[in-house]
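Architecture at a glance
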Amino acid sequence: MEHNQTNSSSGTARVVVATTVALSFISFWQGAAIVLSDLASSAFYAGGIAEQAIGKSAPWFILAVMLFSFAVRSVYMEGCSMFVRGGVYVVVRDSMGPFMARLSVSALIFDFILTGPISGVTAGQYLGNFLNETAEYMHSSLRVPPNMFAAAVGLLATAYFWRSNIKGIHESSEQALRIMQITTVMLVIFLIWCPLTMIVRGPAQIPPPPTFANMHFSDDSLGWFKGTFWVQMPIALTVMAFGHSLLSMSGFETLAQVYREIAYPKLKNLKLTANTVCIYAVVCTGVLTVFAGMIIPDSVRGQYAQNLLGGLAMYLVGPTFLKLIFHAFVVTVGVLILSGAVNTSLIGANGILNRIAEDRVLVEWFRKPHSKFGTTYRLINSITLLQVATILFSRGDLYILGEAYAFGVVWSFFLNSLGVVVLRFKRHDQEYKHPGNIVIAGKEIPVGLITTTAVLFLVAIANLGTKKVATIYGIAFTLLLFAVFTISEHINNKKAGVGEEKQGLEAFNLDAQAEITEESVQARPGCVMVAVRDYTQLTHLESTLRKTNLRRHDIVVVTVRVITGTGGYDLRNEQIFNTYERELFTRVVAMAEKEGKTVDLLVVPGIQPYDALVQTAARLKASRLVTGVSPGVESNDLAMKIGQAWERLPEPRQPLSLEAIAPGRPSTYVNLGPHPPRLWPEDVERVHELWLEMSGQLGSHLHHRDIVSVALRRLKQEIHSERRDEVFLDLDYEMHSVHGVEVPEENR
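Residues numbered from 1 in each chain as written. Predicted model: local features only at pLDDT ≥ 70, side-chain atom pairs only at ≥ 80, totals over all residues. Heavy atoms only, no water.

Time to look at the overall build of the protein. In terms of regular secondary structure, the protein is built from 27 helices and ten strands. In the protein, which comprises 748 residues, the proportion classed as buried is 54%. Put simply, 80% of the contacts in the protein that link residues at least 6 apart link residues at least 24 apart. Accessible surface, the protein as shown: approximately 32900 Å² in total, 61% of it carbon and sulfur. (Helix = DSSP H or I, 4+ residues; strand = E, 2+ residues; numbered from the N terminus. Buried < 20%, exposed > 50% of the residue type's maximum accessible area, 1.4 Å probe, protein only. Contact = heavy atoms within 4.5 Å. Areas by Shrake-Rupley, 256 points an atom, 1.4 Å probe, with all protein chains shown as cover.)

What follows is the structure in structure tokens.
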């Protein structure tokens, strides 16, 4: 089968561009855990912030907001069911055009920017207050200033996850699931201990019902409405109170983002994910906040406004030391889940900005990948700087952060809901519809969807008037981002209009393919696949070109275009193949021509680069995957990550050989999956000696493989027995002695 890297009619190199994102699918439990890492984290701060704003009836408003989350859940489910990927930005763009899309995504970025600081600072508040309470219990005079300590913890958490995102190391769905399992243990203990406390000594008080007489707003929480006739209207005050409690519902944008990775059947699993999220959030945030209002005495509850669950733990029935132990567990859970929310905020903001950059709404400068890690580090740096500035501005005060956060949450919800309403009349391919539809004269009217949108609009307007600092900061921030997006889009359109191109780059003929197959790439089974990303590090490609015989193996050069902000299928060519990919493949083509060999060029969009690589290798039935190794990265570590991605492939998995080439180091060769081990000569001799010794007693039917089989079976038994540590010491000694590394003395 003859193939060429250039198109015979145009003379330009042909690049196959996959338009379907390579995904590693997750269960609805894992999807729910990712969403809850954001949504359920509000249980740690929403109740205290709301009570500071509207008084002691706040727990009922928090519970009402969590019940209302079922309606907002339906809005996002309808948007997802139309395969509108990318969340708010794509929904609004498709329904109301690019102008409103830029405005909506500006508000959404404001939401994500605030998620990190409020989560990090909350973790610091819980940790700082726990340290102070422990010191008091131990009669120590040592104290930490809670706000300053909380700000420091928030800054440290932001710095840690900034570095992780620069490296491209994201929290996996398995990690999120483990965190939610630990959180569930905490929740179950609260659900048992709180009723037991009220049975033993009765509730300290019942939170007053959310009536006009029981809503007591502070001057700050009334904002510009203070002294106006609106504060005399019960309905208006109810909407304002609802707005002050709405921050407890943030996280549904993560549901739109995670939908792309939910396993099939997607809609069924999306429903399970969304229902699990809402039920869990009602219990975790709503019910626990009500319990806190019942158990913590009114006279001291204000002291726990910024660490409400910590206060609830300390006012349960039982000995103080036991409550301190549980309080420590609550703090640990809080740090875990709130840290996850800090990470989610960086990933989410980076994803959204990447998504709009793919629509040419950001200049190309922002999207330049990191030379070592391949991440969009300039976007991550920009997001992190804004989050750091927000933490410094708040000085660790949760109330300020909460008010600003609620502003961004409600506007992103409203604009998304409005976009879905418009799409309801423009499109008729919804697999799922928001409940509450009536048919009048043969025309369906989405009463439920319109009602949800109207409620969100009223709350959004109320938040404009009640949150002075948040409104000024939020509008200024939103307009600044909107201006950046508008100017960037104008610059990109101008470049496209004048045909501005980077000088010296090859012209490529893009061949879009929905799915990558042997036929689409024109590579024979058993091909050699070379992964490239950094055009300054192509030593491994040069080595492969020199030693590969094209009569036996075709060479496919593939680059993974990391898609952070969209799980959309049918991506456009310019979203996948831009100036950077052109420059990369220009170097590849020049290198191939210098060696006098042809290569097939392939671009694959993917969420996780390693998963995308092994999925592509499996589809092409490649015999070998060759990859470079960045400086500072161990070849064995890279091989392990690719091996783990290979293990995630569905059965049957085709054997694949991996070669990792790094300048100045020996190449690393790994066979992925089950394969015959390469035995040292002394190992073969040892097996033969055992055979000679035993065959005299067992006879000629004993084979060498029987010796190995029994040895492996006995080894498996021993690693699950009391001899486990001894076995691992032997393995550690063998591993170190083979690689020439000095063996620790305790292992000798």
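This brings us to the packing of helix α3 (residues 58-81) against helix α9 (residues 234-245). A pair of packed helices can be characterised by two numbers: the angle between their axes and the separation between those axes. Close contact between α3 and α9 brings their axes to 9 Å; oriented N to C, the two are set at 75°. By the criterion of interaxial angle, the relationship of α3 to α9 is roughly perpendicular. Only Thr238, Ala241, Phe242 and Ser245 of α9 make contact with α3, whose side of the interface consists of Phe61, Ile62, Ala64, Val65 and Phe68. (Axes fitted to C-alpha atoms, helices over the stretch in contact; angles between N-to-C directions. Parallel < 35°, antiparallel > 145°, perpendicular 65-115°, else oblique.)

For helix α2 (residues 46-54), the tally of buried residues reaches eight of nine residues, placing the bulk of the element in the interior. Those residues of α2 that fall on the buried side of the exposure criterion are Ala46, Gly47, Gly48, Ile49, Ala50, Glu51, Ala53 and Ile54. Two residues or fewer past α2, Gly55 is found with a positive phi of approximately 100°.

What follows deals with helix α1 (residues 28-39). Over its twelve residues, α1 extends 16 Å from the first C-alpha to the last, a length consistent with the 16 Å expected when each residue adds 1.5 Å. Extensive coverage of α1 is indicated by the burial of ten of its twelve residues. The set of residues buried in α1 consists of Phe28, Gln30, Gly31, Ala32, Ala33, Val35, Leu36, Ser37, Asp38 and Leu39. (Expected span 1.5 Å × (residues − 1).)

Here the focus is the pattern of salt bridges. Opposite charge on two side chains permits pairing when their charged atoms draw close. Tallied over the full model, the rule gives 20 salt bridges. Asp554 is paired through a salt bridge with Arg524; the nearest N and O atoms lie 2.8 Å apart. Taken together, the residues span a long stretch of sequence, with Asp554 in the loop between α20 (539-547) and β6 (555-562) and Arg524 in the loop between α19 (518-521) and β5 (528-531) at a distance of 30 residues. The residue Arg587 makes a salt bridge to Glu583 at a minimum N-O spacing of 3.7 Å. With Arg587 and Glu583 both in helix α22 (residues 579-595) and four residues apart, this pair spans about one turn of that helix. For Arg587, a relative accessible area of 35% corresponds to the partly exposed category. (Salt bridge = Lys/Arg side-chain N within 4 Å of Asp/Glu carboxyl O.)

Rolled over the atoms, a probe as big as a water molecule pinpoints where empty space is left. Taken as a whole and assessed by the stated rule, the structure comprises three cavities of 30 Å³ or more. By volume, the largest cavity is sized at about 50 Å³. Lining the largest cavity, in full, are Asp38, Asp111, Phe112, Thr115, Ser250, Gly251, Glu253, Thr254, Tyr405, Ser412 and Phe413. Looking at the lining of the largest cavity, the elements that each hand over two or more residues are α5 (98-137), α10 (252-258) and α16 (398-426). Tallied by class, residues from the lining of the largest cavity come to three nonpolar, five polar and three charged. (1 Å grid on protein atoms, 1.4 Å probe; cavity = no way out; pocket = protein on both sides within 12 Å on 5 of 7 lines; lining within 4 Å. Points joined across faces, edges and corners; volume = space filled by probe spheres on them. Nonpolar A, V, L, I, M, F, W, Y, C, P; charged D, E, K, R; others polar.)

For the rest of this paragraph, the subject is the packing of α20 against α22. As a packed pair, α20 and α22 sit with axes 10 Å apart at the nearest point and diverge in direction by 30°. If you check the angle between α20 and α22, you find them roughly parallel. Between α20 and α22 lies a crossing of right-handed hand. Every residue of α22 that contacts α20 at Leu541, Glu542, Leu545 and Arg546 is listed here: Val588, Met591, Ala592 and Glu595. Per-class residue counts for the contact of α20 with α22 are five nonpolar, no polar and three charged. (Left-handed = near helix turned anticlockwise from the far one by under 90°.)

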